[in-house]
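Structural overview
Spelled out, the chains give:
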Amino acid sequence: MQGLSAAPPAAFLLLLRLTALLLPAAAAPAAERELNPSSRLAAGAARVALHYLNYQAASPGALRALGQVRKATVKNIPDSGHKYYLQFTTEDYKSGENAGSCLATVLYPKTMSPPVVNIKCVPTKDQKQIQEEDDKLYRKIRHQTKPITGNNIPDSYGNIEPALEPVWALAVAGSSYIMWEKSTESLGYFLAQVKSVKQWIRKDAFLEFDYTVLLHEIPTQEIISCHMRLTWLPGHPLKVKYFCASENHRLEDGSGMESGSASGILHERGANF
């Protein structure tokens, strides 16, 4: 008796083979690669996340600097770019004291657009303490009898006059927008110096300054000069407009509404992405 199933005809087998050759292969899932936490790529991505956080916080009292990268991995996202997954500690920008740890992702797009950042941090300061520091700094500037002006902050010895510390703190917050937007996977930035600053007197409650800031580009070691107009009021988004000499005076505008997320507080240090 003949079996219930017969061998497929040769023509059918040939058709299956041709179909397999013509159809695109399924994309393999992107592999996540571990990075040395002390590598330049890991530290660079963590600083990009902090630039974004410092700008979005719009708070001189909440400024953070990078402490130590604890863990870093990178994944190639097809058609998007390289995405970094980071765990790192932070320090208070002014005192250098522990400011808590953060988890962040940083995507460097293949297009000419800023890195896409999502970051959540465990704070060591409560919001009330930060608000008090910001209000104190704001009152100190408002009570000046004449507009603030200054040059070479810090000076060649690294010193900052106490009267100019508030405008330096605002320069760090404002230039964080520029450094976040200009950063790429291969280029990073530090604020080297405020070359000049001038306060504009306004009729409303906002503070407004014109800055010329010098950014140190890594790893090229170039110094980039940028003009920055900054507007600030405690509890409001930081407004920044700038152009840099290396960009043919291209005007950019930052108003606190950018892609990414720096909202919310993470209460679990070891959470997975």
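Residues numbered from 1 in each chain as written. Predicted model: local features only at pLDDT ≥ 70, side-chain atom pairs only at ≥ 80, totals over all residues. Heavy atoms only, no water.

Now for the packing of helix α2 (residues 40-57) against helix α4 (residues 165-182). Relative to each other, α2 and α4 sit at 135°, their axes nearing to 8 Å. Classed by the angle they form, the pair α2 and α4 counts as oblique. α4 is crossed by α2, and the crossing has left-handed handedness. Contacts from Val-48, His-51, Tyr-52, Asn-54 and Tyr-55 of α2 reach α4 at Ala-173, Ser-176, Tyr-177, Met-179 and Trp-180. For the contact of α2 with α4, the per-class residue count stands at 7 nonpolar, 3 polar and no charged. (Axes fitted to C-alpha atoms, helices over the stretch in contact; angles between N-to-C directions. Helix = DSSP H or I, 4+ residues; strand = E, 2+ residues; numbered from the N terminus. Parallel < 35°, antiparallel > 145°, perpendicular 65-115°, else oblique. Left-handed = near helix turned anticlockwise from the far one by under 90°. Contact = heavy atoms within 4.5 Å. Nonpolar A, V, L, I, M, F, W, Y, C, P; charged D, E, K, R; others polar.)

For α2, spanning 18 residues, the distance from its first C-alpha to its last is 25 Å, which sits close to the expected 26 Å at 1.5 Å a residue. Residues Ala-42, Ala-43, Ala-45, Ala-46, Val-48, Ala-49, Leu-50, His-51, Tyr-52, Leu-53, Asn-54 and Tyr-55 constitute the buried set of α2. One or two residues past the end of α2 sits Ala-58, with phi positive at roughly 50°. (Expected span 1.5 Å × (residues − 1). Buried < 20%, exposed > 50% of the residue type's maximum accessible area, 1.4 Å probe, protein only.)

Next up on the list: the confidence of the model for the chain. Taken over all residues, the pLDDT of the chain has a mean of 83, while the share at 70 or more is 79%. Contacts from residues 1-5, a stretch scored under 50 in pLDDT, to residues over four places away or in other chains number 0 contacts. Confidence drops under pLDDT 50 across residues 18-28; counting only partners more than four residues distant or on other chains, this segment forms 0 contacts. (pLDDT = per-residue confidence, 0-100.)

By the definition in use, this model includes 8 salt bridges. Between Lys-125 and Glu-133 there is a salt bridge; the shortest N-O distance is 3.1 Å. A relative accessible area of 33% means that Glu-133 is categorised as partly exposed. Three or more residues are tied together by salt bridges with common partners; here these are Arg-202, Asp-204, Glu-208, Asp-210 and Arg-229. (Salt bridge = Lys/Arg side-chain N within 4 Å of Asp/Glu carboxyl O.)

With that settled, consider the pairing of strand β4 (residues 98-109). Where burial is concerned, most of β4 is hidden: 10 out of the 12 residues are buried. One ladder, built from 11 bridges, connects strand β3 (residues 81-92) with β4; its direction is antiparallel. What sits directly across from Glu-91, in β4, is Asn-98. Linking β3 back to β4 in an antiparallel pair, the connection comprises 5 residues, with Gly-96 at a positive phi of about 80°. When β4 meets strand β5 (residues 116-121), the two strands line up antiparallel, connected through 6 bridges. (Pairing = 2+ DSSP bridges.)

The geometry of an aromatic ring pair comes down to the distance between the two centres and the angle between the two planes. Enumeration according to the criterion identifies 7 aromatic pairs in this entry. Here Tyr-177 and Trp-180 contribute two aromatic rings whose centre-to-centre distance is 5.9 Å and whose plane-to-plane angle is 55°, an arrangement assigned as tilted. In this pair, Tyr-177 and Trp-180 are both assigned in helix α4, 3 residues apart and thus about one turn of the helix distant. This pair shows no difference in class: Tyr-177 is buried, exactly as Trp-180 is. Counting every residue linked through ring pairs, the aromatic cluster contains Tyr-52, Tyr-55, Tyr-177, Trp-180 and Tyr-242. Between the NZ or CZ atom of Lys-239 and the centre of the ring of Phe-206, over which it lies, the distance is 5.9 Å. (Phe/Tyr/Trp six-rings, centres within 6.5 Å; stacked < 30°, edge-to-face > 60°. Lys NZ or Arg CZ within 6 Å of the ring centre and 35° of its normal.)

Evaluated as defined, the whole model comprises 2 disulfides. Residue pairing for Cys-102: its cysteine sulfur links by disulfide to Cys-121, the two sulfurs lying 2.1 Å apart. Taking the torsion about the sulfur-sulfur bond, which here is approximately 105°, the covalent link between Cys-102 and Cys-121 counts as right-handed. With Cys-102 in strand β4 and Cys-121 in strand β5, this residue pair connects regions lying 19 residues apart in the sequence. Note on Cys-102: relative accessible area 3%, which makes it buried. Look at Cys-121 and you get buried, because its relative accessible area is 5%. Across the disulfide from Cys-226 sits Cys-244; the S-S distance is 2.0 Å. Measuring handedness by torsion sign, the sulfur bridge of Cys-226 and Cys-244 sits at about 100° and is right-handed. In this pair, Cys-226 is assigned in strand β9 (residues 223-232) and Cys-244 in strand β10 (residues 239-244), connecting sequence segments 18 residues apart. The pair Cys-226 / Cys-244 is uniform in exposure class, with both members buried. (Disulfide = S-S within 2.5 Å.)

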